[in-house]
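Summary of the model geometry
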Amino acid sequence: QWLSDRKKRALQKKDVDIRRRIELIQDFEMPTVSTKIKVSRDGQYIMAAGTYKPRVRCFDTYQLSQKFERCLDSEVVTFEILSDDYSKIVFLQCGRFVEFHSQHGHYYKTRIPKFGRDFSYHYPSCDLYFVGASSEVYRLNLEQGRFLNSLQTDASESNVCDINPVHFLFAMGTAEGKVECWDPRTRNRVGVLDCALSSVTADAEIDGLPSVSALKFDGALNMAVGTTTGQVLLYDLRSSNPLIVKDHHYGLPIKSIQFHRQLDLIISADSRIIKIWNKDTGKIFTSMEPEHDINDVCLYPNSGMLMTANEAPKMNIYYIPVLGPAPKWCSFLDNLTEELEESPESTVYDDYKFVTRKDLEDLGLAHLIGSSLLRAYMHGFFMDIRLYHKAKMMANPFAYEEYRREKIRQKIEETRAQRVQLKKLPKVNKELALKLIEEEEEQQVTRKRKQKNLPSLLKDDRFKVMFENPDFQVDEQSEEFRLLNPLVSKISEKRKRKLKILEELEAQEQEEEEEPEGKASDAESSESSDDEKGWVEEVRKQRKLLRQEEKVKRQERFKEDQQTLLKPQFFEIKEGEEFRSFKDSAKKQKLMKKTLGDRLKLEEKLGTLNVSDTTVGSKQATFKLKK
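Here the structure is a predicted model, which means the values were calculated and not measured. (Residues numbered from 1 in each chain as written. Predicted model: local features only at pLDDT ≥ 70, side-chain atom pairs only at ≥ 80, totals over all residues. Heavy atoms only, no water.)

A separate point is the overall build of the protein. In terms of helices and strands, the protein carries twelve helices and 32 strands. The proportion of buried residues among the 627 residues of the protein is 35%. Once local pairs closer than 6 in sequence are excluded, the contacts in the protein between residues at least 24 apart make up 43%. Looking at the protein as shown, the accessible area adds up to about 42700 Å², and 49% of this sits on carbon and sulfur atoms. (Helix = DSSP H or I, 4+ residues; strand = E, 2+ residues; numbered from the N terminus. Buried < 20%, exposed > 50% of the residue type's maximum accessible area, 1.4 Å probe, protein only. Contact = heavy atoms within 4.5 Å. Areas by Shrake-Rupley, 256 points an atom, 1.4 Å probe, with all protein chains shown as cover.)

Rendered as structure tokens:
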């Protein structure tokens, strides 16, 4: 948001995601909010109404840009394109005004008696039917240029209306949840549908009376009705019961209903979600939930493209290839295989660096917090990448040398990869690691193809500390190890010889004096495994060795005890004290063992303590301190 236009243009050249972005129509948006969107019958023009200020914009699909923009006096409730192109348009505005526009612009303006909510155009008689906050349906004849007699209905208010494109039956949805059908030829009511009663199902929870909020005809016999409680009812005009009732489960009024005849689908939308479902079974085909609330949905004719007017400046365009081909003015969409959806959040900027408060303190830039050089964002700041590089160069002038050293090390590692690969053993428990490697190699040779590979202890994170922490080093000289592993002496000798060879080769590689050619020959010879008798003899031999070692240790301790001489200890008496005898300390110890009462009686006999009664009734004790 705080990038300049120049920076944005430069960013578009660098950012791959922005370069891949598909902007079908340039500046396809409104200043604040878009309320209605429609397509002309020839498919060349897309018209949208929005605010603020109230305006209408016309977009030319052949030029992929905006053709014109016209501002209005009040907000548009709805509008209708009467001609094949944009030359004849009627706007119903919120101030009871009906405004007519021709190709050059504003043509005529009139008012209706009550606030209007919707209108429909009857092509055979050139009549406009207005419904709104009244029980009457106002008729305005465009050929004669005057109002005709109104249609008197039983409803208190009407919300929507529509005219069947085949037999021109006029239908209107009322606030009481009913749909009244009128014949324009005789101006008589031919039928009433109670949609409010039919929309209530057994599992539905309804807070209030369902009113009709959307109405749409499909062919000669089908009609879809949307309610303010979030249900869509599909009717056959020959029956008063709905064929199917589809609930959006959001409890929001249905804003728009469209029919997709090629796949027998119904596209219904409330302010939160667009649902596409089969009109025969009610099964969901797909659904879309935009980021912002929906005001209107328009289906481009004979294609799989949807356009929405929403509570945001940007008007969304959705292309679903399954619904149909792309329109001819954007046929390249059929050839694209990339995702059309653009990620709304970008975390990497080429010309800005994200730093935390700790990073600023390390660079010595903490005093810049609050200035224009830092932009606060989430748990850190954005700063110019050039300032960051300069500060880092001053804070760590040897960074380039470290970088150069690291690159040289990587090059050396790449060349070493072509040499004979040696087994890298850990620093701790090298013999145990070598034993595990040998066992793993033997298992790979003997393992069948169907058997699964078992995990290695060297690669398991749970046993990683055993080969890193010196506290886990196996003490092979301990008594427990030697008794539990009686054959370890012979096996460990072979392994130690092999380990010594590997260490020598590794030392040669580190010194880089010469490359080792070929693999080190195994020093071990093929020997047969010892039988049970040899194992018992080895155990006895180890026990005998342990007894001899224990005997040698006892003899050494005995010699040390004989060599030690007992020397007399001398104690110094503090100044001012006289040494009487060692019996005084014994008397003190006996005295400390007595109770407090006995000690007080003894002090009274010696005269150092005097206990007397006071006049109040309490005890008073006086004593003398010893020097």
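What follows concerns the sheet that holds strand E5 (residues 76-81). Taken in spatial order, the four strands make up an open sheet running E5-E6-E7-E8, and their pairing is antiparallel. Both outer strands of the open sheet, E5 and strand E8 (106-111), are each paired with one neighbouring strand and no more. Averaged over neighbouring strand pairs, the angle between their axes works out to 20° when direction is ignored. (Pairing = 2+ DSSP bridges. Axes fitted to C-alpha atoms, helices over the stretch in contact; angles between N-to-C directions.)

Under the criterion given, the structure shown has eleven aromatic pairs. Taken together, a centroid distance of 5.7 Å and an interplanar angle of 40° make the contact between Phe 79 and Phe 91 tilted. Placement of the pair is Phe 79 in strand E5 and Phe 91 in strand E6 (residues 89-93), with a sequence separation of twelve residues. The same class applies to Phe 79 and to Phe 91, which are both buried. Members of the aromatic cluster, joined through ring pairs, are Tyr 45, Phe 68 and Tyr 86. The ring of Phe 68 has Arg 70 sitting right over it, with the charged end atom 4.2 Å from the ring centre. Sitting over the face of the ring of Phe 97, Arg 111 holds its NZ or CZ atom 4.7 Å from the ring centroid. (Phe/Tyr/Trp six-rings, centres within 6.5 Å; stacked < 30°, edge-to-face > 60°. Lys NZ or Arg CZ within 6 Å of the ring centre and 35° of its normal.)

Negative phi characterises most residues that are not glycine, and trans characterises most peptide bonds. Residue Tyr 52 is reached from Thr 51 by a cis peptide bond, and omega for that bond is 0°. Of note, the amide linkage connecting Tyr 52 to Lys 53 takes the cis form, showing an omega dihedral of 10°. Assignment of secondary structure puts Lys 53 in the loop between strand E2 (45-51) and strand E3 (55-60). For Cys 126, which is not a glycine, the phi torsion comes out positive at approximately 55°.

Evaluated as defined, the whole model comprises 15 salt bridges. Here Glu 157 ties to Arg 117 by a salt bridge, and the two come within 3.0 Å at their closest N and O atoms. One end of the pair, Glu 157, is in the loop between strand E12 (146-152) and strand E13 (158-163); the other, Arg 117, is in strand E9 (residues 116-122), and 40 residues separate them in sequence. Measuring nitrogen to oxygen at the nearest pair gives 3.5 Å for the salt bridge that ties Arg 189 to Glu 180. Counted as one network, the salt bridges with shared partners bring together Arg 55, Arg 57 and Glu 69. (Salt bridge = Lys/Arg side-chain N within 4 Å of Asp/Glu carboxyl O.)

Spatially, three strands are ordered E25-E26-E27 in an open sheet, and the strand pairing comes out antiparallel. Across the chains shown, the open sheet's two edge strands, defined by having one partner strand only, are strand E25 (294-299) and strand E27 (316-319). Neighbouring strand axes in the sheet, compared pairwise and without regard to direction, differ in orientation by 20° on average. Looking at chain direction, E25 and strand E26 (residues 305-310) are connected through five bridges and run antiparallel. Bridge pairing links Val 297 to Thr 308 in E26.

Here we come to the confidence of the model for the protein. On average, residues of the protein score 81 in pLDDT, and 81% of them reach the 70 mark or higher. A low-confidence stretch, residues 340-348 (pLDDT under 50), is modelled with four contacts involving residues beyond four sequence positions or located in other chains. Taken together, the stretch residues 513-530 has pLDDT below 50 and engages in 17 contacts with residues farther than four places along the chain or on a different chain. (pLDDT = per-residue confidence, 0-100.)

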